[in-house]
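# Examination of the molecular architecture
These are the residues of each chain, in order.
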Amino acid sequence: MKYTFKKGKKSTVEINIKLTEKEWGEAINAAYEKTKGRYSVPGFRKGKVPKKVLESAYGTGVFYEEAINQAFPKYYSEVLEKEPTIDAVAYPEIDVKDISDKGITLIAVVAVKPEVVLGEYKGINFDKAVYNVKDEDVEEEVKRLQERNSRLVDVTDRAVEDGDTVTIDYSGSVDGVKFDGGTAEKQTLVIGSKSFIPGFEDQVIGMKIGEDRDINVKFPEEYHAENLKGKDAVFAIKLHEIKKKELPELTDDFIKEAIGSESVEAYKTETRERLTKQNNDRAERELEDAIVKKITETSDVEIPDALIENQIDRMVQDMEYRMSYQGLKLNDYLKYMGKTMEEFRKGYEQQATELVKSQLVIEAIIEREEITATDEDVEKRVEEMAKAQGKPAPDVKKNMQARQLDYIKNEIVIKKFFEYLKSANTITDKKDAE
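A few points on the structure. (Residues numbered from 1 in each chain as written. Predicted model: local features only at pLDDT ≥ 70, side-chain atom pairs only at ≥ 80, totals over all residues. Heavy atoms only, no water.)

### A short note on the packing of helix H8 (residues 305-324) against helix H11 (residues 349-368)
Contact geometry of H8 with H11 gives a least axis separation of 9 Å together with a crossing angle of 115°. With respect to H11, the axis of H8 lies roughly perpendicular. Seen along the crossing, H8 lies across H11 with a hand that is right-handed. Here Leu307, Ile308, Gln311, Ile312 and Met315 of H8 lie close against H11, whose contacting residues are Glu349, Gln351, Ala352, Thr353, Leu355, Val356, Gln359 and Leu360. Residues belonging to the contact of H8 with H11 are distributed by class as follows: eight nonpolar, four polar and one charged. (Axes fitted to C-alpha atoms, helices over the stretch in contact; angles between N-to-C directions. Helix = DSSP H or I, 4+ residues; strand = E, 2+ residues; numbered from the N terminus. Parallel < 35°, antiparallel > 145°, perpendicular 65-115°, else oblique. Left-handed = near helix turned anticlockwise from the far one by under 90°. Contact = heavy atoms within 4.5 Å. Nonpolar A, V, L, I, M, F, W, Y, C, P; charged D, E, K, R; others polar.)

### Thoughts on the side chain of Lys357
Relative to the assigned elements, Lys357 resides in helix H11. Summary of buried charges: Lys357 has no salt-bridge partner, and the nearest side chain of opposite charge, Asp300, is 5.5 Å away. Leaving out residues up to four positions away in the same chain, Lys357 has contacts with Thr296, Glu297, Ser299, Val301 and Ile303. (Buried < 20%, exposed > 50% of the residue type's maximum accessible area, 1.4 Å probe, protein only. Lys, Arg positive; Asp, Glu negative; His and termini not counted. Salt bridge = Lys/Arg side-chain N within 4 Å of Asp/Glu carboxyl O.)

### What about the packing of aromatic side chains?
Enumeration according to the criterion identifies 18 aromatic pairs in this entry. Look at Trp24 and Tyr64: their rings are 5.6 Å apart centre to centre, the planes differ by 50°, and that puts the pair in the tilted class. In this pair, Trp24 is assigned in helix H1 (residues 21-35) and Tyr64 in helix H3 (residues 64-82), connecting sequence segments 40 residues apart. Residue class for Tyr64 comes out buried when judged on its relative accessible area of 13%. Judged by centre distance (6.0 Å) and plane angle (85°), the rings of Phe179 and Phe235 are edge-to-face. (Phe/Tyr/Trp six-rings, centres within 6.5 Å; stacked < 30°, edge-to-face > 60°.)

### What about a negative patch on the surface?
A surface patch of negative charge is lined by Asp252, Asp253, Glu257 and Glu265. A total of three residues in the negative patch trace back to one element, the largest contributor, which is helix H6 (residues 252-258). Positionally, Asp253 belongs in helix H6. (Patch = residues over 30% accessible without salt bridge, like charges linked within 9 Å, V, L, I, M, F, W, Y side chains within 5 Å. Areas by Shrake-Rupley, 256 points an atom, 1.4 Å probe, with all protein chains shown as cover. Charge placed at Lys NZ, Arg CZ, Asp CG, Glu CD.)

### A closer look at the packing of H1 against helix H2 (residues 51-58)
Between H1 and H2, whose axes approach to 11 Å, the crossing angle comes to 90°. It follows from the interaxial angle that H1 and H2 lie roughly perpendicular. Packed against H1, whose contacting residues are Ile28, Asn29 and Tyr32, the element H2 presents Lys51, Leu54 and Glu55 at the interface. Looking at the contact of H1 with H2, its residues break down into three nonpolar, one polar and two charged.

### Considerations on the pattern of salt bridges
Using the criterion set out here, one finds 37 salt bridges in the structure. With a closest N to O distance of 2.5 Å, Asp154 and Lys243 form a salt bridge. With Asp154 in strand E7 (residues 151-154) and Lys243 in strand E11 (residues 232-246), this pair connects stretches of sequence that are 89 residues apart. With a relative accessible area of 53%, Asp154 lands in the exposed category. Between Glu297 and Lys293 there is a salt bridge, with the nearest N and O atoms lying 2.7 Å from each other. On the criterion of helical spacing, the pair formed by Glu297 and Lys293 is a turn pair, its members being four residues apart in helix H7 (residues 264-297). When sorted by exposure, Glu297 lands in the same class as Lys293, which is exposed. Each of Lys128, Glu284, Glu288 and Lys422 takes part in one network of salt bridges that share partners.

### A closer look at the environment of Ala111
Tracing the backbone through its elements, the reader meets Ala111 in strand E4 (residues 103-111). In this structure Ala111 comes out as buried when scored by relative accessible area, which is 8%. When the C-alpha positions of Ala111 and Pro304 are compared, they lie 6.0 Å apart, and in sequence the two are 193 residues distant. With near-sequence residues (within four places) excluded, Ala111 lies in contact with Ser11, Thr12, Asp87, Ala88, Val89, Ala90, Pro304 and Ala306.

Now the structure itself:
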């Protein structure tokens, strides 16, 4: 094999691979052995037809396509091994320049990791938000705990109030004619939840158990049923039950049973600490996002289309995966939205481009500043994981796969990357952020 390569357009490399007659002949023979069972020739059993007979019957190029499939990965891999500067980031596009029984010349155009021209990433001023935990934030968490442990109790001595849960029968009609979906029995409704047509729940307020009432509503113009959009309707209502939410009394005993804390005050202290950590984590994430955004904007990189398409692939797959959890299919969603897959992918293009660029900039800084994960770093992280699992560190590490260790190393490097940038720039706390 002989090969040459040169820089192409938009972070690509063009590789010219020329195989000798012997190399090409070996590929054709391999193609024959793989595909000979597909062909039939009178007088021969299937799979036993000699190569020359098949070439005579089907043409001399009958095995060329499969021979390329056999030869290209082998010789392309050899080129990449010999030329480490060709940092391929996608599968190449292949073109045949010359082909005959005497040999073949292939042109492979491959996207490579682009060169990043870094802008300023040190000595920059950044504001960091400070999210203070207020007393009312803690009280809201306490109220949520009570809400989660609340119960519904029957009300028999008063009319419906806002916030009650009622059980009703209803029958709706437009111009005196009942419509599909407008009738139900023993329907549960939380007053104030706004789960029914605007104005419906408000008119249930004041009803008493056993009472019948007609209420008038108007369907919204954007209502999903065409025959009801903007229409005036009358609902005949019968009220069966009224229930109200009863919160548990906030006592030390309740807190112990519900959450395991020793007392109400202990729970409030723990809650404040948890919210403080959440706020600090949020502030750190926002600062890191701001740093990456700034250094990405001031850097320059020519991104190959293949990298952007690969990122879009991942985004589409992620969307498809998340939709499947809701029992939805992406193709059905696209039909509902009236979009083609091409239009859907186009919607991700800007986001994918920005994400790829930021990743390339981060990698470039990590390489320039020689940020690495040492063996000691990895051991320390494994020990932390082992402690959390209650297992000996050697046992945890022994059962780890290579990809898990790679993940840990990458996690450490990224953490060090942000620590470096925070120390290399000026960070000013911005008080009382909302």
